[in-house]
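# Descriptive structure summary
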Amino acid sequence: MQVLVLHGPNLNLLGTREPGIYGAQTLAQIDEDLSKKAREAGVVLESYQSNHEGALVDRIQAAGRDGTRFIIINPAAYTHTSVAIRDALAAVALPFVEVHLSNIHKRESFRHHSYLSDLAVGVICGLGPVGYHLALQYALSQRPSS
Ligand code: DQA
């Protein structure tokens, strides 16, 4: 079982970026905690952050070939704009959970629409970094029993 965690633009600034909205944890801390949890469960977890739409599309396409079984994605601002990321996720047809740290439905109206949500297995928003952990817990629960 291989899980890929994707983080979109500006999430590299977590910790200092609008902490009242996104919290105090850095991306490195979030990724480290997720890796630890995955390792304990015997699962390979890779995290990837990019500020570039094409780089995220490339990484999703690669996930279709590299043995990835599940994607956890916070597309950040691309949630609300990116047909390209939607198409890449549809093309690889891997199950994914969409995560947002903030409750996008409590915020500006342009954040209410996601290009990905109707393709996602589920969407978690507003729970901060806990959202990633719940998504990972779900991915682990989907492991084929051997
Ligand atoms: C976000 C919400 C998006 O609207 C925003 O553009 C982000 C982060 C979140 O995690 O709450 O960059 O995806």
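Per-chain numbering applies: the sequence of each chain, read as written, is numbered from 1 onward. Confidence filtering applies because this is a predicted model: local features only for residues at pLDDT of at least 70, side-chain atom pairs given and counted only at 80 or more, and all residues used for totals across whole chains, interfaces and linings.

Moving on, we get to the UniProt feature "binding site: substrate" (unreviewed entry) in the chain. Following the UniProt record, one finds the feature "binding site: substrate" (unreviewed entry) at Asn74, His80, Asp87, Leu101, Ser102 and Arg111. Spatial dispersion of the annotated residues is evident: they stretch over 38 residues in sequence, and the largest pairwise C-alpha distance comes to 24.3 Å. For the purposes of this entry, the term helix denotes a DSSP run of H or I that reaches at least four residues, the term strand denotes a run of E that reaches at least two, and both are numbered from the N terminus. Tracing the backbone through its elements, the reader meets asparagine 74 in strand S3 (residues 70-74). A residue is classified by how many C-beta atoms lie within 10 Å of it, and asparagine 74, with 24 of them, is buried. Apart from residues lying up to four places away in sequence, asparagine 74 is in contact with His7, Gly8, Leu11, Val99 and His100. Tracing the chain through its elements places aspartate 87 in helix H4 (residues 83-92). UniProt positions are given in the numbering used here, feature names are shortened, and annotations may be inferred rather than shown by experiment. Working definition of burial: number of other C-beta atoms within 10 Å of the residue's own, with buried at 20 or more, exposed at 12 or fewer, and partly exposed in between, all C-beta atoms being placed from the backbone. A pair of residues counts as a contact when their C-beta atoms, built from backbone coordinates, are separated by no more than 7 Å.

To continue, consider the site of the ligand. By nearness alone, every residue bordering the ligand is listed as Asn10, Asn74, Ala76, Ala77, Thr79, His100, Leu101, Ser102, Ile104 and Arg111. Each residue is assigned to one of three groups, with Ala, Val, Leu, Ile, Met, Phe, Trp, Tyr, Cys and Pro labelled nonpolar, Asp, Glu, Lys and Arg labelled charged, and all others, Gly among them, labelled polar. Looking at side-chain class alone, the shell around the ligand contains four nonpolar, five polar and one charged residues. By definition, a residue lies near a molecule or strand when the C-beta atom built from its backbone is within 6 Å of it.

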